[in-house]
Amino acid sequence: MILRLIERAAVFLVSLAVSSVLVFAFMAVLPGDPARVALGVNASDQAVAELRRQFGLDRPLPTQYFDWLGGLLHGDLGTSYVSKVAIGPQVFDRLQVTLWLVVAGMVIALVVAVPAGTVMAARHRKVSGFALSAVSQVGVAVPAFLAGILLIVVFAVKLGWLPANGWTPPAQDPGMFLKQLILPALSLGLVQGAVLTRYVRSAVLDVLREDYLRTARAKGLRPFQALWRHGLRNAAVPVVTVLGLQLATLLIGAVVVERVFVIPGLGSLLLDGVSNRDLLLVQDVVMVLVLAVLLVNFIVDLLYVALDPRLRTAS
Amino acid sequence: MKRLNPSLVAGGVIVGVIVLMALVSFVWTPYDATLVTPASRLLKPSWSHWFGTDKFGRDVLSQIMVGSRTTLFVGVVAVGVAAVIGVPLGILAAMVRRWSSEVIMRANDLLLAFPALLLAIMFGAVFGASTLTAMVAIGIASVPGFARVIRSGALQVMRTEYVLAARAAGRRPWPIAVRHVLPNVTSLITVQASVSFAIAVLAEAALSFLGYGTPPPTPSWGRMLQESQEFLFSAPRLAIFPGVAIAIAVLGFNLLGDGLRDRFDPKLEDRR
Amino acid sequence: MSDVLTVRGLSVKVRDTMLVSDVDLTVGAGERVGLIGESGSGKSLTALSVLGLLPEDVHAGGSVRLDGVDHELIGADERRMSRIRGRDIAMVFQEPMTALNPTMRIGDQVAEAMLIHKTRPKSAADAAAADLLELVQLPSETRRAYPHQLSGGQRQRVVLALALANDPSLLICDEPTTALDVTVQALVLDLIVRGVMDRSSALLFITHDLAVVATVCERVLVMYGGRVVESGPVGEVFTRPRHRYTEGLLAASDLDTNSRRLTTIPGNVPPAGKFPSGCVFRTRCAHATALCEETPEWSGTEARGFACHHPAGVADV
Amino acid sequence: MSEPTAIQVVDLVRDYPRPRTSLFQPAPVVHALRGVSLEVKQGERFGIVGESGCGKSTLLRIIAALDRATSGNVIVEGTDITRLPDRRLRFLRENLQLVFQDPMSSLDPRMRVRDIIAEPLVVQGHPASGERVRELLEAVGLSADAGDRYPHQFSGGQRQRISIARALAPRPRILIADEPVSALDVSVRAQVLNLISDLVDELNLTLVFVSHDLSVIKHVCDRVAVMNAGQIVETGYTGDVYAAPQHPYTQRLVSAIPTLQRALSGATTSDLLAKGDAP
Amino acid sequence: AGSSTSGSSGSSPGGDQKLSIGLVAEPASLDFTTTDGAAIPQLLLGNVYETLVKQDDSGKIVPSLAKSWTVSADRKTYTFDLVDTAKFTNGKPFTANDAVFSINRVKTAWTISLKAAMDVVSQAKALSPTQLQVTLAKPSNDWLFRMTTRIGAMFSESGVSALATDPVGTGPFKFSKWNRGDSIVMVRNDDYWGTKPFFQQITLKYFKDATALNNALLTSTINVIGTVQAPEALSQFTSNTKYQVIEGTTNGEVLLSFNNSRPVFKDIRTRQAIRMAIDHKALLDTCFAGRGKLIGSMVPPTDPWYEDLTGIAPYDLAKAKSLLQASGAAGKTLRLRLPTLPYATSCGQVVKSMLEQAGLKVQIDQLEFPAAWLTTVFKNADYDMSIIAHVEPRDLGAVFNAKYYTRYDDPTLQGYLAAADAGDEAAQVDNMKKAARRLSEQAAGDWLFLLPNLVVADKNIKGLPQNAITESFDLSKLAR
Ligand SMILES: Nc1ncnc2c1ncn2[C@@H]1O[C@H](COP(=O)(O)OP(=O)(O)OP(=O)(O)O)[C@@H](O)[C@H]1O
Ligand SMILES: Nc1ncnc2c1ncn2[C@@H]1O[C@H](COP(=O)(O)OP(=O)(O)OP(=O)(O)O)[C@@H](O)[C@H]1O
Ligand SMILES: [Mg+2]
Ligand SMILES: [Mg+2]
Ligand code: NI
């Protein structure tokens, strides 16, 4: 088990290293000169060259890469070419915002998906199961931003129950924070929940077909009891995988919802960075996203071990 | 003994209608989908314009019809890219030695760290926003899914006795991959393809919304939805038609995928 | 001697396909009854109908009564059935590798059988589980193990322990040793027989292996195409078979013939729903005549009888 | 006994690596074969019996050059194939063919029966005439139109016939059968065993027949090797081994086999357990 | 936002009242000396930084930090009398030395292209702490005008160390807090030398999405929409008595630019045909909901030399067709490379459709704005046509010259412009009129329309600007 841990950790670190090279290389080929964008329309060529020197863009690429990497390792994400402020704190702030959103969305998704998926699977031949299934199919088909727009129209503009957009940090005004969190979290959570429901359903269906569930019922457990005591933990393994992948896509997928609800998250920072050609910022944000995704994968790997004793003993 | 599978039928019908719509739009649409006619802007649905017109006076129905081409194009490119890279990769990973397979799958997993939208935005920035670049990006992001599914399918095939028999008959690895492995993972490919198709359609809509998707004046459901935003209160139908079209298309491909999966699922098949 | 299990006119259908028809079956207290037949003959469905665990879509009709239970088992609701399952009727399935929950410790799975029916208090259940595992000759560490750490034979013994936990009045075993090696099979069979004899439980033993059924059981029913074609004491049925199918089966399994060629039953077992009308065996029977297009009546008693128009053992030239 | 040797196996060892459990110790191995030696004469019917996991299939795979030995040698008709590269195995592919256990997974479900049977011919560059395929189908007792159908349209026994037809296609001299009847029903088992027997006689084949069922081996084979945990513990004429097993393992094996005769004469389950040794 | 009863700063006009304004483009930095774009001066000019002179609502140049000024007879020397009560927010008083420092710093430390307007200054010196003298190398009417824009902003010598994050000026507001990606908070400068603003705190919230901006006002998250981006959605406010809608003019000429260095555009008939093929009224109706003003040249109505020139190239499809036939451009494909801006995307589609009816083929490319568009169209002039609003004031001369992306090389035009810059006021007006007319007649580009100044606010907000003709969004006059 320790070995598995070490192996996973090694894979994690190597992936991280390779990603950093990929990200850096990608940024290096991005057209559009950050210096020119920063200087604007009709800046002179000397001024641009001067600024490139200031940013260190005139150095050979490997030097730039290792400087950047060295900074990252010390937690120094550098200074933005455009806004000239330190990138680290900004990324950290935005990441927090996105994490709130994603985690809240994920919680909603789970709260929706686990019971709904289970019922759908257990009753998949019954009308109730079929109806739920149809609802979830439609849910999967709705883009998150469309759900967001609809929620705004109904709950904010027409009913006036909740704010249409905006963001308040929880420390500043917890009440406002919650109010503003509800709609975006719902629009992420309901759509993701619908997707997750399908996976929960198929995982539970698989489990329902397992022999050990028949054994459990032969012992005298009723179908739902058997599912609860013997099925869910086994069904959790494939669901956790999907959850990990979803969390990863949500980190960036939230950008659309951030746009609809005017939330200053990591995704909008990335979009701004791209359009301002704030290359270093973009590079840092992408790296942070990749780190987050890899971290989630790593945690999912560890969760498997917790869930499935077969992975625990090597023999 | 094969029962009619409702998902498969519903999915097939929806997808069929979309394909038909796209084909018809090549030869006929009620109006020229890109012709701006200021005189007839923002008309309500009527006999002459079934779905009404948009702010440019363009016929919404015609745009939806032509837009279905974009939707199919999007899916075909994304799924094509994903399948062309992912399928051989998956089969390769199943056939090579253990450590090389490990390396392939790790590299594949690494790609998972770059979600579709992120790749699309980055590609859009490098190569300019266009449907093609966006979809190549979505396709690349769908490679890991394909490779994983195909690999596990191919591994199962490689363990079967008919592969052993083929080897005993003297077949070399590559012919085995082509003659035995590939045909036996086609069901997996179809299922994965229709699911990826749905994902690509959604991604195109999201990208169009962010301004990284299909550029004008090519009609696209995603962009129609985005353009309709300022009319959300004055002419909500402009959002409803493309919104519903996207949802139905995604639904269709998802249903098709589900139906195909049920049909090919060996666990369900054993009650012949 | 009272009958523990009484099955009358049992039929099993999936949609419009008849899978099992008109099965009568009784098992007396302490009696060991075998059910044999080739793959697809409906043995498992018969057993599952008794337990009420048929797969979705598959429905049973007829009557199943259990001694000490005042209601019909067919069509009883889940609540009532779950009280009977595991306490009055226990079952051991064919596939030991998948019959246990992979994420739960062995000891807990065995103890659970008692906790569900509250036949032991929680404090005593663990100790009882240990005793049961000892009974099936597993070392005491097994309690803390997970299923994947055990071999197939060991797992099947765990399943047996679990089935015996509440001293059921009827134990059903569905091909419990088909997946096991002969040496392991010998041990498991012995444990089953000793388990039911110690508890004077009735045993319904399903297998397709004639020799096994002859070793384990006192009485045997032969199934073919979803019907019981012959029944009687083991010694009688296997020495003087009356139904032509039983006869053919005995001949085909006799590997001790001196000639290289074995006697065979021509043709294949048809798939479910494709059996001929009338005598289900007539398409493969050398003695079949036009008469066989009518369903043969049961001849003899329930304890010893057969359903064939041209039975073996009488002048049949 | 002056028949030439068809297959000779000398001190064959096969270790499979397992995933590492510790960074500091070498990866553990499964010893699937621990020094197996045997000799099969031409025209002989040779049985190998042993319980699940004892290494029977591994041994067959190495003999058929579908797997590589860790050490030891396999000599088929005088040629040491142990270290021959794949492309030099053509003679082996033509002379030695296999029949597998699982009638479900041994035929490619996406191929027509005709193509399945013709596959060895096509691969080995023989003209795969419809004539030959029909001939083979007939030889295994299937009608000629069976060639147009797909494997799932056949029953287990029929599929096993197709498997046999495929194995016979290149006119091999050695037929290796890995538990060909274990998955079949008794009545069908008899048909397939008869077929194999007939074909071996007719075509003068050398047969290597693997089974976990000693009764089947006893019926089919002249000589038998008893395997246990990667080793051969006893070899001899089947009648002798069955009647008077020498090795304790063989003794246990023989006594554990339930038979009708013994049962009808009153044997109980406890008689199946060989006295005196714990499992 | 609402008034509170706590009277902590009761002496100030509006107590501690707060206001929230929704805007579109968030600045990337607070330093407009090195970062281009309209967002920073919109926020800071006039609010945090002040200039010596400024434009009033009608476009006239009026005193600000300079109480008065005189111009020498040769029109080369300007003498400014400065106010003596102004103070920077870092506590330093504003003196003529600061003015000299600020003017010289434009030439030395600024990097944005607009700094070129200061090149004409040959010397700036402090005659006394309250008197400043600036000497120009040649007479220039434009220079004084440019002093009302960002390059005229007055900095403190000791306040330029962190321009990007900590601006120091003499204005009525102080920069307080920046929640990046969301909003910027300004607070009243209670030491301001002039009339103190009403609001104690004004938050500028930035919305990338026009619909979100509207929703924010509808749900009272903000009180004012500074610039309406989705004119179609205005109806929901005009029909609601809770809101006021202000419609005025700006300096933003939406220009359909031609790359005049391309062979097809060398022929004046092609250019004229394009202008005539476009039905400007219909275009404005379709892509900007009819809001905005039709102009026939590069001059907004608020400039003194404005004339209605829309009659020079009236919509005439038949004539356009025949002109295109004559010039041989008919059937050719032109690349219309649009920046990813909502109005450009909208209008581009209309332009394409109209030009195709006249017999041209138009291929639309979208280029990400700003980065890709700036490089491709603006810097490399790799385009045939493009659409962008030129929002700088009095930018006729800057836009139409051979070095600019329009590649419009016209000595006659340059002659008019030079004369206008050097002459007296009357000569300036006269020559500028000639220049504007020349542009229109030569069809150097097509002016699709003038962006309107569209402001929506809660009914009770006062002091909102009718026209947006300066670079700044003046917060100091706002009141409730
Ligand atoms: N859920 C089901 N739906 C349709 N047919 C079924 C279903 N379950 C079983 N059958 C069919 O019913 C017939 C009897 O099945 P059953 O499992 O009782 O056979 P069996 O005698 O136990 O065979 P085996 O020896 O293979 O276990 C078979 O032909 C089988 O295909
Ligand atoms: N590719 C492999 N990798 C690792 N271990 C293997 C591999 N193939 C076989 N083994 C192991 O080698 C041992 C012998 O396997 P083999 O398949 O030869 O047994 P067998 O006698 O044919 O069993 P069965 O009767 O179940 O077919 C087993 O313990 C098996 O787990
Ligand atoms: Mg069964
Ligand atoms: Mg084997
Ligand atoms: Ni008969």
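Analysis parameters
- Residues numbered from 1 in each chain as written.
- Chains lettered and ligands numbered in written order.
- Predicted model: local features only at pLDDT ≥ 70, side-chain atom pairs only at ≥ 80, totals over all residues.
- Heavy atoms only, no water.
- Helix = DSSP H or I, 4+ residues; strand = E, 2+ residues; numbered from the N terminus.
- Rg over C-alpha atoms; globule rule 2.2 N^0.38 Å.
- Contact = heavy atoms within 4.5 Å.
- Areas by Shrake-Rupley, 256 points an atom, 1.4 Å probe, with all protein chains shown as cover.
- Lys, Arg positive; Asp, Glu negative; His and termini not counted.
- Charge placed at Lys NZ, Arg CZ, Asp CG, Glu CD.
- Buried < 20%, exposed > 50% of the residue type's maximum accessible area, 1.4 Å probe, protein only.
- Pairing = 2+ DSSP bridges.
- Domains from an automatic or database assignment.
- Salt bridge = Lys/Arg side-chain N within 4 Å of Asp/Glu carboxyl O.
- Polar contact = N/O pair within 3.5 Å; in protein donor to acceptor, adjacent residues only side chain to side chain.
- Core = buried A, V, L, I, M, F, W, Y, C linked by side-chain atoms within 4.5 Å.
- Buried area = accessible area lost by both parts, 1.4 Å probe.
- Nonpolar A, V, L, I, M, F, W, Y, C, P; charged D, E, K, R; others polar.
- Near = heavy atom within 4 Å.
- Axes fitted to C-alpha atoms, helices over the stretch in contact; angles between N-to-C directions.
- Phe/Tyr/Trp six-rings, centres within 6.5 Å; stacked < 30°, edge-to-face > 60°.
- Disulfide = S-S within 2.5 Å.

Overview of the overall build of chain C
Regarding its fold elements, chain C presents nine helices and eleven strands. On C-alpha atoms alone, chain C measures out to a radius of gyration of 20 Å, which is about the 20 Å that the 2.2 N^0.38 rule sets for 317 residues. Overall size of chain C, expressed as C-alpha extent along the three principal axes, is 70 × 50 × 35 Å. When contacts within chain C are restricted to residue pairs at least 6 apart in sequence, long-range pairs at least 24 apart make up 64% of them. Counting every atom, chain C has about 12,300 Å² of accessible surface; 49% of that belongs to carbon and sulfur. Taken together, the 32 basic and 39 acidic charged side chains of chain C have centroids lying 3 Å from each other.

A look at the pairing of strand E16 (residues 445-458) of chain E
Residues and elements named next belong to chain E. Burial within E16 is extensive, with 14 of its 14 residues counted as buried. Alignment of strand E11 (residues 224-225) against E16, held across two bridges, turns out to be antiparallel. Bridge pairing in E16 links Ile 225 to Val 456.

A short note on the domain arrangement of chain D
Residue and element names in this part refer to chain D. You can read the domains of chain D as domain 1 (5-19 + 27-244) and domain 2 (245-279). Here the C-alpha centroids of domain 1 and domain 2 sit 29 Å apart. Counting residues at the interface gives 15 residues for domain 1, matched by nine residues for domain 2. Counting the contacts that link domain 1 with domain 2 gives zero salt bridges. Taken together, the links from domain 1 to domain 2 amount to five residue pairs in polar contact (both at pLDDT 80 or more). No other element matches the four residues that helix H8 (residues 238-243) contributes to the side of domain 1 that touches domain 2.

Observations regarding the nonpolar core
If you look at soluble globular proteins, the nonpolar side chains tend to sit buried side by side. With 167 residues, the main nonpolar core has Phe145(A) and Val286(A) as its most contacted residues. In this structure, Phe145(A) is in contact with Val256(A), Val260(A), Ala205(B), Ala206(B), Phe209(B) and Leu225(B), ignoring residues within four places of it in sequence. Membership of the second largest hydrophobic core comes to 122 residues, among which are Ile106(C), Ala128(C), Ala214(C) and Phe238(C).

Observations concerning the interface of chain D and chain C
Contact residues are listed per partner, giving 40 residues for chain D and 42 residues for chain C. Between chain D and chain C, the buried area comes to about 3,300 Å², and carbon and sulfur atoms account for 58% of it. Three residues stand out in chain D for area buried against chain C, namely His219(D), Leu260(D) and Thr269(D), and they jointly supply 18% of the buried area on that side. As a salt-bridge pair, Arg261(C) and Asp198(D) come within 2.4 Å of each other at their nearest N and O atoms. If you look at where chain D meets chain C, you find 13 residue pairs in polar contact (both at pLDDT 80 or more). If you list the elements that add at least two residues to the side of chain D that touches chain C, you get helix H6 (186-203), helix H7 (214-220), helix H9 (248-256), helix H10 (260-264) and helix H11 (269-272) of chain D. Taken together, the residues of the side of chain D that touches chain C sort by class into 18 nonpolar, 14 polar and eight charged.

Quick notes on the site of ligand 1
Lining the immediate environment of ligand 1, one finds 15 residues, of which Ser39(C), Gly40(C), Ser44(C), Leu45(C) and Glu175(C) sit closest. Residue neighbours of ligand 1 fall on chains B and C, so the site bridges chains. Contact between ligand 1 and Gly40(C): an oxygen atom at 2.8 Å from a main-chain N or O atom of the residue. Taking Lys43(C), its main chain carries an N or O atom lying 2.9 Å from an oxygen atom of ligand 1. Summarising the interface, the protein chains cover 78% of the accessible area of ligand 1, which totals 640 Å² for the free molecule. At three residues, the largest contribution of residues to the shell around ligand 1 is made by helix H1 (residues 43-51) of chain C.

Points about the domain arrangement of chain C
Residues and elements named next belong to chain C. Each assigned domain of chain C is listed here: domain 1 (1-88 + 169-317) and domain 2 (99-167). Averaged C-alpha coordinates put domain 1 and domain 2 at centres separated by 29 Å. With 17 residues of domain 1 at the contact, the number on the domain 2 side is 15 residues. Here domain 1 and domain 2 share an interface that buries about 1,300 Å² over both sides, 65% of which is from carbon and sulfur atoms. Taken as a group, Arg 87, Leu 191 and Arg 199 account for 39% of the area that domain 1 buries against domain 2, more than any other trio of residues on that side.

Describing the arrangement of the chains
Here eight pairs of chains are in contact, and chains C and D lead that list by number of contacts. Spatially, chain C is disjoint from chain E: no contact exists, and the shortest C-alpha separation is 47 Å. Of all C-alpha pairs spanning chain D and chain E, none lies closer than 48 Å, and the two are not in contact.

So, the site of ligand 2
Residue and element names in this part refer to chain D. Around ligand 2 lies a shell formed by Tyr 16, Ala 32, Glu 51, Ser 52, Gly 53, Cys 54, Gly 55, Lys 56, Ser 57, Thr 58, Arg 61 and Glu 179. At a separation of 3.5 Å, a nitrogen atom of ligand 2 approaches a polar side-chain atom of Arg 61. Here ligand 2, which alone exposes 640 Å², has 61% of that area covered by the protein. No other element matches the four residues that helix H1 (residues 56-63) contributes to the shell around ligand 2. Considering only residue class, the shell around ligand 2 consists of three nonpolar, five polar and four charged.

Re the sheet that holds strand E7 (residues 131-136) of chain E
All names here are of chain E. Pairing in this open sheet of four strands is antiparallel, and the strands run E4-E5-E7-E6 from one edge to the other. The open sheet has two free edges, formed respectively by strand E4 (66-71) and strand E6 (121-128), since each of these has just one partner strand. For this sheet, the mean angle separating the axes of adjacent strands, direction not counted, is 20°. Alignment of E6 against E7, held across six bridges, turns out to be antiparallel. What sits directly across from Gln 123, in E7, is Thr 135.

Here's the deal with the packing of aromatic side chains
Tallying each qualifying case throughout the model produces 36 aromatic pairs over all chains. Taking the centre distance of 5.3 Å and the plane angle of 65° together, the rings of Tyr245(C) and Phe281(C) count as edge-to-face. With Tyr245(C) in helix H9 (residues 244-253) and Phe281(C) in the loop between H9 and strand E10 (299-300), this residue pair connects regions lying 36 residues apart in the sequence. An identical accessibility class is assigned to Tyr245(C) and Phe281(C); each is buried. On the basis of an interplanar angle of 15° and a centroid distance of 6.4 Å, the ring pair of Tyr78(E) and Phe80(E) is categorised as stacked. What makes Tyr78(E) buried here is its relative accessible area of 4%. With relative accessibility at 1%, the residue Phe80(E) sits in the buried group. An aromatic cluster is built from Trp373(E), Phe378(E), Tyr383(E), Tyr404(E) and Tyr405(E), whose rings are joined through pairwise contacts.

Describing the sheet that holds strand E9 (residues 223-228) of chain D
Residue and element names in this part refer to chain D. The strand order E6-E7-E8-E3-E9-E10 describes an open sheet built from six strands, whose pairing is mixed. Every interior strand has two partners, whereas the edge strands, strand E6 (96-99) and strand E10 (231-237), have only one. Ignoring strand direction, the axes of neighbouring strands in this sheet form an average angle of 15°. Two elements, strand E3 (residues 45-50) and E9, share five bridges in a ladder whose sense is parallel. Bridge assignment links Gly 50 to a residue of E9, and that residue is Met 227. Against the sheet, H6 makes contact with E3 and strand E8 (206-211), and its axis sits at roughly 155° relative to E8, the strand it touches most.

Overview of the state of the cysteines
Each disulfide is one covalent bond, formed between the sulfur atoms of two cysteines. All names here are of chain E. Scanning all chains against the criterion turns up one disulfide over all chains. The disulfide partner of Cys 287 is Cys 347, and the S-S distance across this bridge is 2.5 Å. In this structure, the disulfide formed by Cys 287 and Cys 347 twists by about 85° around the S-S bond and is classed as right-handed. One end of the pair, Cys 287, is in helix H8 (residues 280-288); the other, Cys 347, is in helix H10 (residues 342-357), and 60 residues separate them in sequence. Across this residue pair, the class does not change: Cys 287 and Cys 347 are buried.

Details of the side chain of Glu112(C)
Following the sequence through the fold, Glu112(C) ends up in helix H3 (residues 106-117). Taking relative accessible area as the criterion, Glu112(C) reaches 4% and is therefore assigned buried. A polar atom in the side chain of Glu112(C) sits 3.1 Å from the side chain of Arg229(A). Residues in contact with Glu112(C), not counting those within four places in the same chain, are Lys219(A), Leu221(A), Arg229(A), His230(A) and Met104(C).

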